[in-house]
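Residues per chain, in single letters:
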Amino acid sequence: MLSITETQFQQHWPQAIKQCLEAHDILQVIRDQGDGFIVLSTQDWRAIEETLYLNQFAGLVESIQQAHQEPLEQGIPLEELDW
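Each value, and the rule that gives it
- Along every chain, residues carry numbers that run from 1 in the direction the sequence is written.
- Given that this is a predicted model, residues contribute local features only at a pLDDT of at least 70 and side-chain atom pairs are listed and counted only at 80 or more, while totals for whole chains, interfaces and linings are drawn from all residues.
- Computation of side-chain values: all heavy atoms of the structure, hydrogens and water removed.
- We count a stretch as a helix when DSSP gives it H or I for four or more residues in a row; a strand needs E for two or more, and each element gets its number in order from the N terminus.
- Here the globule rule is a power law, 2.2 Å times the number of residues to the power 0.38, and the radius of gyration is based on C-alpha atoms.
- A simple rule labels every residue: compare its accessible area, found with a 1.4 Å probe on the protein chains alone, to the largest value its type can have, and call it buried under 20%, exposed over 50%, or partly exposed in between.
- In these tables, accessible area is a Shrake-Rupley quantity obtained with a 1.4 Å probe, and a residue counts as shielded only by the protein chains included in the view.
- Any N or O atom pair separated by 3.5 Å or less is treated as a polar contact, with the protein-specific requirement of one donor-capable and one acceptor-capable atom, and with residues adjacent in sequence counted only for side-chain atom pairs.
- Within this scheme, the nonpolar core is defined by two criteria: the residues are buried Ala, Val, Leu, Ile, Met, Phe, Trp, Tyr or Cys, and they are joined through side-chain atoms within 4.5 Å.
- We call two residues in contact when some of their heavy atoms are within 4.5 Å.
- To estimate the expected span of a helix, count its residues, drop one, and scale the result by 1.5 Å.
- We define the bend at any residue as the angle between the axes fitted to the seven residues before and including it, ending there, and the seven starting there.

Q: So what exactly am I meant to see when it comes to the overall build of the protein here?
A: Regarding its fold elements, the protein presents three helices and three strands. Counting helices and strands in the order they occur from the N terminus, the protein gives β-α-β-β-α-α. Its C-alpha atoms give the protein a radius of gyration of 20 Å, clearly above 12 Å, the size a compact globule of 83 residues would have. Along the first, second and third principal axes, the C-alpha atoms of the protein reach 60 × 25 × 20 Å. Buried residues in the protein amount to 10% of all 83 residues. If you sum the accessible surface of the protein, you get close to 7300 Å²; carbon and sulfur atoms cover 53% of it.

Q: What should I look at first to understand the side chain of Ser41 in this one?
A: With respect to the secondary-structure elements, Ser41 resides in the loop between strand S3 (37-39) and helix H2 (42-54). Exposure remark for Ser41: the relative accessible area of 5% places this residue in the buried category. Only 3.0 Å separates the side chain of Ser41 from the side chain of Asp44, close enough to count as a polar contact.

Q: How do you make sense of the nonpolar core when you look at a structure like this?
A: Buried together is how nonpolar side chains tend to be arranged in soluble globular proteins. Counting residues in hydrophobic clusters, the biggest one holds six residues: Phe9, Ala16, Cys20, Leu27, Val29 and Val39. At the level of elements, helix H1 (6-23) and strand S2 (27-30) are the ones that each hand at least two residues to this core. When residues of this core are assigned to their parent elements, the largest contribution, three residues, is made by H1. Ala16 has contacts with Phe9 and Leu27, leaving out every residue within four places of it along the chain.

Q: Please explain the environment of Gly75 as it appears in this structure.
A: Within the element layout of this structure, Gly75 appears in the segment after helix H3 (60-69). Residues Gly75 and Cys20, 55 residues apart in the sequence, show an inter-C-alpha distance of 38 Å.

Q: Is there a simple way to explain H1 in this structure?
A: Residues separated by three or four positions in an α-helix point in the same direction, a consequence of the helix having 3.6 residues per turn. With 18 residues, H1 ought to run about 26 Å at 1.5 Å a step, yet its terminal C-alpha atoms sit only 21 Å apart, falling short of that. If you look at H1, its biggest bend is around 90 degrees, right at His12, and the proline Pro14 turns up within four residues after that. Among the residues of H1, Phe9, Ala16 and Cys20 are the ones counted as buried. Those residues of H1 hidden inside the fold are in contact with strand S1 (2-5), S2, S3 and H2. His24 occupies a position one or two residues after H1 and carries a positive phi of about 60 degrees.

Here is the structure:
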């Protein structure tokens, strides 16, 4: 995560936003008084939301990790799945 002061952000906000959008950097803006704030792209925020949502389901991460290690030959073909 990148960090800059509020003054730096005010002076260079177009470049800072471009950096967040193009490099997927998260920018922390530190203020002298009050809470600071975070700048990130909508795409990155949606990815964070999805991760938080999926982490609500116990065992899901472990299940995905196990499936990732399974050779494709041992998997079930899509046409055989009972949706």
